[in-house]
There are 2 protein chains.
Amino acid sequence: MAREKNVEQITNMDEDFGQWFTDVVTKAGLIDYSGVKGFFIMRPYAYALWENIQSALDTRFKELGHENVSMPLLIPESLLQKEKDHVEGFAPEVAWVTHGGAEELAERLCIRPTSETLFCDHWNHIVKSWRDLPLLYNQWCSVLRWEKSTRPFLRGREFHWQEGHTLHETAEEAQRETQQMLDVYEELCVDYLAMPVVKGRKTDKEKFAGAEATYTLECMMHDKKALQSGTSHYFGDGFAKAFDIKFSDRENKLRHPHQTSWGLSTRIIGGIIMTHGDNNGLCLPPRIAPVQVVVIPIASQKAGVMEKSEEIAARLKDAGIRVKIDASDQSPGWKFAEHEMKGVPLRIEIGPKDIEQEQCMAARRDNGEKAAVPLAELEAYAARLLGDIQTSLYDKAKANLTANTHPAATLGEAKEILESHGGFIKTMWCGSEECEARMKEEAGVTSRCIPYEQERVGNVCTICGKPSDTMVVWGVAY
Amino acid sequence: MAREKNVEQITNMDEDFGQWFTDVVTKAGLIDYSGVKGFFIMRPYAYALWENIQSALDTRFKELGHENVSMPLLIPESLLQKEKDHVEGFAPEVAWVTHGGAEELAERLCIRPTSETLFCDHWNHIVKSWRDLPLLYNQWCSVLRWEKSTRPFLRGREFHWQEGHTLHETAEEAQRETQQMLDVYEELCVDYLAMPVVKGRKTDKEKFAGAEATYTLECMMHDKKALQSGTSHYFGDGFAKAFDIKFSDRENKLRHPHQTSWGLSTRIIGGIIMTHGDNNGLCLPPRIAPVQVVVIPIASQKAGVMEKSEEIAARLKDAGIRVKIDASDQSPGWKFAEHEMKGVPLRIEIGPKDIEQEQCMAARRDNGEKAAVPLAELEAYAARLLGDIQTSLYDKAKANLTANTHPAATLGEAKEILESHGGFIKTMWCGSEECEARMKEEAGVTSRCIPYEQERVGNVCTICGKPSDTMVVWGVAY
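Reference entry: report on the structure contained in this document. Since we're looking at a predicted model, the values are computed, not measured. (Residues numbered from 1 in each chain as written. Chains lettered and ligands numbered in written order. Predicted model: local features only at pLDDT ≥ 70, side-chain atom pairs only at ≥ 80, totals over all residues. Heavy atoms only, no water.)

**Things to note about the environment of B:L118**
Residue and element names in this part refer to chain B.
No. 1: Locating L118 in the fold gives a position in helix α5 (residues 116–126).
No. 2: Given a relative accessible area of 5%, L118 falls into the buried group.
No. 3: Placed 45 residues apart in sequence, L118 and L73 show a C-alpha to C-alpha distance of 9.4 Å.
No. 4: Those residues within four positions of L118 in sequence are excluded, and the remaining contacts are M71, P72, L74, I75 and L79. (Helix = DSSP H or I, 4+ residues; strand = E, 2+ residues; numbered from the N terminus. Buried < 20%, exposed > 50% of the residue type's maximum accessible area, 1.4 Å probe, protein only. Contact = heavy atoms within 4.5 Å.)

**Comments concerning the relation of the copies chain A and chain B**
No. 1: Expressed as a screw operation, the relation of chain A to chain B combines 0.0 Å of axial shift with a rotation of 180 degrees, fitting to an RMSD of 0.0 Å. These values place the two chain copies in the arrangement generated by a two-fold rotation axis. Within chain A, A:V97 has its C-alpha nearest the rotation axis, a separation of 2.1 Å.
No. 2: Of the interface residues in chain A, 100% have counterparts in chain B that sit at the interface too, so the contact is made through matching surfaces. (Least-squares fit on C-alpha atoms with pLDDT ≥ 70 in both.)

**Examining the sheet that holds strand β17 (residues 346–350) of chain A**
All names here are of chain A.
No. 1: Here five strands make up an open sheet; going across it, the order is β16-β15-β17-β18-β19 and the pairing mixed. Each edge of the open sheet is held by one strand with a lone partner, namely β16 (323–325) and β19 (370–374). With strand direction ignored, the average angle separating the axes of adjacent strands in the sheet is 25 degrees.
No. 2: In this structure, strand β18 (residues 359–364) lies alongside β19, joined through five bridges in antiparallel fashion. Each bridged residue has a counterpart across the sheet, and for M361 the counterpart in β19 is A372. (Pairing = 2+ DSSP bridges. Axes fitted to C-alpha atoms, helices over the stretch in contact; angles between N-to-C directions.)

**A short note on the packing of helix α9 (residues 305–318) of chain B against helix α12 (residues 378–403) of chain B**
Residue and element names in this part refer to chain B.
No. 1: α12 packs onto α9 with a crossing angle of 65 degrees between their chain directions and a minimal axis gap of 10 Å. Crossing geometry of α9 relative to α12 is assigned as right-handed. Residues I312, R315 and L316 of α9 form the contact with α12, whose own contacting residues are L378, E379 and A382. (Left-handed = near helix turned anticlockwise from the far one by under 90°.)

**Some points on the pattern of salt bridges**
No. 1: The final tally for this structure, using the stated rule, is 56 salt bridges over all chains.
No. 2: A:K84 serves as the salt-bridge partner of A:D85, at 3.4 Å between the closest nitrogen and oxygen.
No. 3: Overall, the relative accessible area of 55% leaves A:K84 in the exposed class.
No. 4: For B:E186, the salt bridge is made with B:K199, and the minimal N-O distance between the two is 2.7 Å. Taken together, the positions of B:E186 in helix α6 (residues 171–192) and B:K199 in strand β9 (residues 198–201) put the pair 13 residues apart, joining distant regions of the chain. (Salt bridge = Lys/Arg side-chain N within 4 Å of Asp/Glu carboxyl O.)

All quantities given are derived from atomic positions and should not be read as evidence of function.
Listed below in structure tokens is the structure:
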């Protein structure tokens, strides 16, 4: 059946990946633009996707002992200024509230760009003894950063996220927490979102404003660019000192606690789109898809077709599958294109001939394969297909990452690879910001991270030639 | 065992109810104050309570076909001004953003006080045909209203809520939705929060800015004052006209759709506190309590006590009960007072003597009754007690509402009842704003609602004496 309407209108991803992305987020019904630049409306389909991500993460957070809280939306300017590096990082990009009703405020208030200062101010009030620790807090909210250029999901002036903030007796415990939460993000990316990750530490230049160390997951998109997909920060006791948070320890001495924060945002939805999407639109990993199976009645006016469609949907629902019937008055061809655009992992078609033969047709979104399924085996078949799709999406993304990550022993080689292939390069690095700056200037890439999985690409810094035993992954980042 | 520490510090509720409330919200660990007036920190215990409320409502919303979305935080001034009554109602109390980073904005933006204008602007983009309707949307978020006097939960400059917004082909369908969602709020109040309601329509003076009609649930607090605990609005097509939302109907004619909105906020937590709390602190209805049973080991250093406590907790958890062990190094007396303050419905004590006798002690938070429970019957006993507590809290609140609601046939009688008893009064009313104003001036009460359950308190307006067949409930409102 011919593709109709929606699909005709999307740009080919290999011609203009940026325009393809914009087309997909609007045509798949994820986003609408509001009247204010950089503020996007998350439509029901996008929000349902976000709810599935929230549910997966929130469950893990709670299993690991975290509690949700709510901090205020607004931060007084004087509070934002308490930690020097932090304010330098964020002050240039916050939105300022200057009036409440008709009254001009004595001190202007910024809309939170992140909430470290608020958590610290609160902890200053409530922490007294080692008995009060650890505090393992998380907040689901939106934050504002007044970006110059904006794109749906990838860079909004407002975006949704969770921000975890924890406070610990010892540095070691805080460091373990930082790593543990990075692992939780990795589970989400790998197991739910079918996104392979490069896991590592950020260089000092790229770390979070105010952190001692930032850890990250870097994912490769279809266009070979990098998306930072979750970060976890270790703060040491820097914030605690700046905000005068002290506790009496087990020896009854006053000490500063150690702190972490970690966040994952709706940016990850941009990552899902750019990892798995294709020229027919979105392609969602089954574990996170709001609708896993769409049932499409063929010749639905014929006797028994609607009844059989509903029976199939009911059976799948009972088997724990998220299923929807498209009973609208559109043509089957229109529906096929529409649900492909929306990235529904599996389409089931059922018409009079199928009913006669006690079967239905199942079409995979990821590779277009279509097969007849005996109705007697419906649930098992659907579950197996959904599992296969999940695995196959991961494998394909992993293959893209592997095929487009190259070692480079010299700056010349790095430039050549990046010009001819793009993607990630792996080089040795001496640790200096100068070499990072030069890499950016000459090869156009920034350090993504110092991966946990180190390998040797020579034994000197690729940029300056000084001895080095540290490998860095570089790329062009969203 | 003597009550210790925490409980000594709370004000007697019959001496100073306002101070009692403030004491409870802080001592029970619900709230901390931030550096900005009217912005409160919801600590883990308060947020867990809110999550239980969210979960109960969100499940019902979805069962009834609603979808969650996210609208922007900020509204351009020009957009807020599109519906005349609406802007008059809200403009005086919004917070204004005037700068993004270092740049002064060309048009100032307000932080949403409610999102009708944003939903309408979005619907103007996406609604074309009757096939697009109904749209049944909901949003969980926080909103800002720059109130002069503020109190935790009851009146915040920022508060959390859900705001449902729906769009329909016909007025009748929108009116049914308005009533249906009021019913959902009533289920929450009655079945989960053990709060009896007076259900009715607001007078024109008290209705929402821009609504054709507002419906409300009014609850009576322990101090006999009223708390508005959920409202549902019918808008007709007024907003649709102001925002130029049109659809082609089934006869292919262009028409304006009809609209509703409905909201319930964290204010309801203030309602729970003021309905059920007592001089020992919070008292939470089991269906909504973050912790339904707290297990307290007695002489926990003795052999077997901790093990038995953990066994009890595990058994209750397996039975679907939210349970926690307090294994801290505080004294049992301190723990009793602490968990009474936090309103945990049921306390289970287990010590060496109980273990010998194969029993534990169960103490009810609502009435202090304590009984020995054979361990063999633990789960059934706990479930039955939790059910009894839920019912008994409702009955007690209902008795308070009934005992403190009085008919008044004359203005003199109304004043006398209000001066001597307080509470709600029921009178006939002619429908004029003048009579409402006079009631406020002379008797100090405002109209709470025109209840669905009407009764005759004479046949003339209690205030002016004109013929009337409408009964109104009046009270002092939070």
